[in-house]
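# Structural overview
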Amino acid sequence: MVALWHLVPWLALLVFFGSAIAHFGEDWPRQPKLFRYALGSAPVAVIVLAHPEMVRAIFAAMTSPQTAVWAGQAFAILAPPCLALALVALGRMLVARRSARALAFLLLLPGLALLPPLLGFLLFFCFYHTPRHMVDIRRSLEWIPSRTFVASGLAITLLALLLGAMLLPALLQGGVATAAGGFQLLAALAVPHQIAPRLFK
């Protein structure tokens, strides 16, 4: 994925967001497919609508100014209906009193609008999406002692950050460049993370 960012960045951008939306939609397995995709796209939709200029600047740093123009326009067109569908899905769950996860998700959305894009996305990723995965991983690896599990997780995290700093030096530049590098690093980690479980089932 890192190579794709360097060779065909516009394709890497599409792969990243397409796979991220599909993956985030997996957090809602009991919802109809249309609502799953809408809920998966909701974090991106809120960021695009709340920070259009910053999103275009990040897209330009990740790809090129030309790609940033059409990608920003496409996201701006798709974001409102996706967000509207997501809100309908959340409303249905709240009315049906399946409200705990739906309410938590709903309360996170204003944070995505108020915070800078990278911080907002990390808020969603670290405090909503990732805990579900960590619980599942811990259950599947319950034979590993807790200390070993935590130490391994920290080691993998540090290694990922080190490799990210080496392969994507923009992470260390600050401002828009750091946001762009952060999303590129996330894509480099997330796409293999989605593919690997399907290969080794």
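Above this text you will find the structure in question.
These remarks concern the structure in this document. These numbers come from a predicted model, not from an experiment. (Residues numbered from 1 in each chain as written. Predicted model: local features only at pLDDT ≥ 70, side-chain atom pairs only at ≥ 80, totals over all residues. Heavy atoms only, no water.)

### Regarding the pattern of salt bridges
Heads up, the rule is: Every case where a carboxyl oxygen of Asp or Glu lies within 4 Å of a side-chain nitrogen of Lys or Arg is listed as a salt bridge. Under the scheme used here, helices are H or I runs from DSSP no shorter than 4 residues and strands are E runs no shorter than 2 residues, and both carry numbers assigned from the N terminus. Residue burial is assigned from relative accessible area. The probe radius is 1.4 Å, only protein chains are included, and a residue is buried under 20% of its type maximum, exposed over 50%, and partly exposed in between.
Per the counting criterion, the structure on display carries 1 salt bridge. The partner of glutamate 53 in a salt bridge is arginine 56, and the shortest N-O contact between them spans 2.5 Å. Here the residue glutamate 53 and the residue arginine 56 both occupy positions in helix 4 (residues 52-62), the gap between them amounting to 3 residues, near one helical turn. By relative accessible area, glutamate 53 is classed as exposed at 54%. For arginine 56, a relative accessible area of 29% puts it in the partly exposed group.

### Digging into the nonpolar core
Applied cut-off: The nonpolar core is taken to be a set of buried Ala, Val, Leu, Ile, Met, Phe, Trp, Tyr and Cys residues, with the residues joined through side-chain atoms within 4.5 Å. Throughout, a contact is declared for two residues whenever any of their heavy atoms are within 4.5 Å.
Counting 45 residues, the largest nonpolar core has Phe16, Leu39, Phe59, Met62, Leu90, Phe105 and Phe121 as its most contacted members. Contact partners of leucine 39, with chain neighbours within four places excluded, come to Trp28, Gln31, Ala86, Ala89, Leu90, Met93 and Phe105.

### Section: the packing of helix 5 (residues 65-95) against helix 6 (residues 99-114)
Note the cut-off: For every element, the axis is a line fit to its C-alpha atoms; helices are fit only across the contacting stretch, and the angle between N-to-C directions ranges from 0 to 180 degrees. Take the far helix as the reference: if the near one is turned anticlockwise from it by less than a right angle, the crossing is left-handed, and if turned clockwise, right-handed. Three categories are distinguished: nonpolar for Ala, Val, Leu, Ile, Met, Phe, Trp, Tyr, Cys and Pro, charged for Asp, Glu, Lys and Arg, and polar for the others, with Gly belonging to the last.
Between helix 5 and helix 6, whose axes approach to 8 Å, the crossing angle comes to 140°. As helix 5 runs across helix 6, the sense of the crossing is left-handed. For the pair helix 5 and helix 6, the contacting residues are Leu87, Leu90, Met93 and Leu94 in the first and Ser99, Ala102, Leu103, Phe105, Leu106 and Leu109 in the second. When the residues that make up the contact of helix 5 with helix 6 are grouped by side-chain class, the tally is 9 nonpolar, 1 polar and no charged.

### Observations regarding helix 2 (residues 9-25)
Because the α-helix completes a turn every 3.6 residues, residues three or four places apart line up on one side. Rules: For a helix, the expected span equals 1.5 Å multiplied by the residue count minus one.
End to end, helix 2 covers 24 Å across 17 residues, agreeing with the expected 24 Å (1.5 Å per residue, within 8%). Residues of helix 2 that are buried: Pro9, Ala12, Leu13, Phe16, Phe17, Ser19, Ala20, His23, Phe24 and Gly25.

### Observations concerning the environment of methionine 134
Relative to the assigned elements, methionine 134 resides in helix 7 (residues 117-140). You can call methionine 134 partly exposed: its relative accessible area is 41%. The spacing of methionine 134 and glycine 153 is 19 residues in sequence and 9.9 Å in space, taken between C-alpha atoms.

### Some details on the packing of aromatic side chains
Keep this limit in mind: Aromatic rings from Phe, Tyr and Trp, taking only the six-membered ring of Trp, are treated as a pair when their centres fall within 6.5 Å; an angle between ring planes under 30 degrees marks them as stacked, one over 60 as edge-to-face, and anything in between as tilted. In this analysis the charged atom, NZ for Lys or CZ for Arg, is taken to sit over a ring once it is within 6 Å of the ring centre and within 35 degrees of the ring normal.
Following the criterion strictly, the structure yields 14 aromatic pairs and no others. Taking 5.4 Å as the distance between ring centres and 85° as the angle between the ring planes, the aromatic pair formed by tryptophan 28 and phenylalanine 105 counts as edge-to-face. Within this pair, whereas tryptophan 28 is found in the loop between helix 2 and helix 3 (33-50), its partner phenylalanine 105 is found in helix 6, the two being separated by 77 residues in sequence. Members of the aromatic cluster, each reached through a chain of ring pairs, are Phe24, Trp28, Phe105, Phe121, Phe124, Phe125 and Tyr128. One residue, arginine 101, lies across the ring of tryptophan 28, its end atom 4.5 Å from the ring centre.

Shape descriptors only; they carry no functional weight alone.
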